Amino acid sequence: TVINRISVSNGEIEVQGNGKVPGHIISQFSMDENADTFRIATTLSQRWSSFGKLQTESTNNVYALNKNMEITGRLEGLAEGEQIYSTRFIGDRLYMVTFRQVDPFFVIDLSNPSSIKELGKLKIPGFSRYLHPYDDDTIIGIGQDSTEQGRIKGLKISLFDVRDVENPREVAKFVTDERYAESTALWEHKAFLFDREKQLLVIPVFSSELYTLNGQQQTGYNGAFVFKITKDDIKLRGLIDHSGSQVGQEFYYYQPMVERSLWINELLYTKSPNLLRINKIEDLGSVKSVQLKAGAANFPVF
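Residue numbers run consecutively from 1 along every chain, following the written order of its sequence. In keeping with the predicted nature of the model, local features appear solely for residues at pLDDT of at least 70, side-chain atom pairs appear and are counted solely at 80 or more, and the whole-chain, interface and lining totals rest on all residues. Each side-chain value is worked out from all heavy atoms of the structure, with water and hydrogens disregarded.

**Quick notes on the pattern of salt bridges**
When a carboxyl oxygen of Asp or Glu lies within 4 Å of a side-chain nitrogen of Lys or Arg, that pair is called a salt bridge. The final tally for this structure, using the stated rule, is 12 salt bridges. Between R39 and D32 there is a salt bridge whose closest N-O contact spans 2.6 Å. Since its relative accessible area comes to 3%, R39 is described here as buried. A network of salt bridges, in which partner residues are shared, links D145, K153, K156 and E170. Using a 1.4 Å probe on the protein chains alone, a residue whose accessible area is under 20% of its type maximum counts as buried, one over 50% counts as exposed, and one in between counts as partly exposed.

Now the structure itself:
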């Protein structure tokens, strides 16, 4: 991966340095700048030699670079045979998840960029695709559960306690019963809504699998899961349904519908392409549903 450092000042754009590190990144959360240090986490993929027909397993690495884009510190060879699924730089720490069959959740110290250290790790089934700070000592992970053999089981939300950095713990989790439940929050962090004071967590969710509600079998669901979340617990409060939000009220369970959610005062707003739903945060009671329809335009629409 090649990194270019570009200065933008008073209308002038200038390349001030470039460097490179082994491996590739997965998202913008794989990179971070702190003071005069650039930090980056990469996966160096599995490699083969055509001469000796030798195979080298994938490895995961963390690098620190100075303003000249020169490597000043490194921690290499983490979780051999696995790849990075999520990362989050917070202050002097990096929280990183790798996966092949189980989920090592790493806590890495970057307080001294020239001496990067692994502080601790936790191995649990499944993996997190997106990491978000709850507070200084607690991390929220959005991902999927799995068996000990690495087979995916369902959508999973984890709460990691990192107060004891050498022994991080998963203090709470929520896992869907539906194996193929999905959420766009796994790859789009703007679809993730969290407010600590309101104990509110909202993510889009959809599943085409049958499930049981009040003793009756239901076809599937598509909308937004609303959770009550605290420092050590997470509970599903309910689903804001958007499955019939297409024109003609056809029901969709196999593709994502809810794009974004937000709150204003005591109301929760969830938006899909053709529907805006407004619900009370207190009890999730429905307030209003607004159909979003394209109107006539005085310009060509293609």
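And the narrative resumes.
**With respect to the packing of aromatic side chains**
Classification of ring pairs uses Phe, Tyr and Trp, with its six-membered ring standing for Trp, and accepts pairs whose centres are within 6.5 Å; under 30 degrees between planes counts as stacked, over 60 as edge-to-face, and the remaining range as tilted. Scanning all chains against the criterion turns up 12 aromatic pairs. With centroids separated by 5.2 Å and ring planes inclined at 70°, the aromatic side chains of Y130 and F192 adopt a geometry described as edge-to-face. Note that Y130 is positioned in strand 13 (residues 127-135) and F192 in the loop between strand 16 (169-175) and strand 17 (193-195), a separation of 62 residues in sequence. Ring pairs connect the aromatic residues F174, Y221, F225 and F227, which therefore count as one cluster. By the criterion adopted, a ring carries a charge over it if an Arg CZ or a Lys NZ lies within 6 Å of its centre and within 35 degrees of its normal. Directly above the aromatic system of Y134 lies the positively charged group of R196, at a separation of 5.9 Å from the ring centroid. Above the ring of W263, the side-chain terminus of K198 is found at 4.4 Å from the ring centroid. Secondary structure counts use DSSP, requiring at least four H or I residues in a row for a helix and at least two E residues in a row for a strand, with both numbered from the N terminus.

**Side note on the sheet that holds strand 3 (residues 31-34)**
Ordered in space as 3-4-7-8, the 4 strands form an open sheet in which the pairing is antiparallel. If you trace the sheet from one side to the other, it starts and ends with strand 3 and strand 8 (71-78), each paired once. Averaged over all pairs of adjacent strands, the angle between their axes in this sheet comes to 15°, without regard to strand direction. By the bridge criterion, 7 bridges tie strand 4 (residues 37-44) to strand 7 (residues 59-65) in an arrangement that is antiparallel. Pairing of A41 across the sheet is with V62, part of strand 7. Following DSSP output, two strands are said to pair if at least two bridges run between them. To get an axis, fit a line to the C-alpha atoms, keeping to the stretch in contact for a helix; angles then go from 0 to 180 degrees between the N-to-C directions.

**Focus on the nonpolar core**
By nonpolar core is meant a set of buried Ala, Val, Leu, Ile, Met, Phe, Trp, Tyr and Cys residues that side-chain atoms within 4.5 Å join together. Ranked by size, the top nonpolar core spans 23 residues in total, and within it I140, F192, L201, I203 and I234 carry the most contacts. Here this core gets 4 residues from one element, more than from any other, and that element is strand 21 (residues 221-229). Between two residues, a contact is recorded if the distance between any of their heavy atoms is within 4.5 Å. Residues within four places of I140 in sequence aside, it is in contact with Y130, L131, H132, Y134, I157, S158, L159, F192, F194 and I229.

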